[in-house]
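# Observations on the model geometry
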Amino acid sequence: MHPRLRRIDLIAFLAVLTTGSALVALGVEPQSVATLAVGLSSLYSAWVGLGRQPEHVKTQEAGDRTAERSGQESGKARIE
């Protein structure tokens with residue numbers, strides 16, 4: 001992982017932790033803060049793209065799909 005991404009992760013973590021602590025200190029129910037934290041972490045993971053595949057995997061899969069399509073097309077030609 002790049003040092004820049006780690007810094008951003010740390011900043012996001014500290015922001016959520018500080019916000020959660022402040023809300024609990026102000027009297028907001030902990031269950032509500034937990035719900036908010038889960039929502040914010042989901043948004044952050046979507047923004048960062050934690051579910052994305054590395055670029056070389058995408059390229060390889062695209063090549064596999066192209067090979068499958070050309071195999072299907074040649075199979076159709078044989079049937080006809």
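Placed above this text is the structure.
Residues numbered from 1 in each chain as written. Predicted model: local features only at pLDDT ≥ 70, side-chain atom pairs only at ≥ 80, totals over all residues. Heavy atoms only, no water.

Here the focus is the packing of helix H1 (residues 3-25) against helix H2 (residues 30-48). Relative orientation of the contacting elements H1 and H2 amounts to 165 degrees, with a least axis distance of 10 Å. Relative to H2, H1 is oriented roughly antiparallel. In the packing of H1 onto H2, the handedness of the crossing is right-handed. Residues Ile 8, Asp 9, Ala 12, Val 16, Gly 20, Leu 23 and Val 24 of H1 form the contact with H2, whose participating residues are Val 33, Leu 36, Ala 37, Leu 40, Tyr 44 and Trp 47. (Axes fitted to C-alpha atoms, helices over the stretch in contact; angles between N-to-C directions. Helix = DSSP H or I, 4+ residues; strand = E, 2+ residues; numbered from the N terminus. Parallel < 35°, antiparallel > 145°, perpendicular 65-115°, else oblique. Left-handed = near helix turned anticlockwise from the far one by under 90°. Contact = heavy atoms within 4.5 Å.)

Another point: the layout of surface pockets. Here the largest pocket is characterised by a volume of approximately 150 Å³. Taken together, Asp 9, Ala 12, Phe 13, Ala 15, Val 16, Ala 37, Leu 40, Ser 41 and Tyr 44 form the lining of the largest pocket. Elements supplying a minimum of two residues to the lining of the largest pocket: H1 and H2. Take the lining of the largest pocket: its biggest share by element is five residues, from H1. Residues belonging to the lining of the largest pocket are distributed by class as follows: seven nonpolar, one polar and one charged. (1 Å grid on protein atoms, 1.4 Å probe; cavity = no way out; pocket = protein on both sides within 12 Å on 5 of 7 lines; lining within 4 Å. Points joined across faces, edges and corners; volume = space filled by probe spheres on them. Nonpolar A, V, L, I, M, F, W, Y, C, P; charged D, E, K, R; others polar.)

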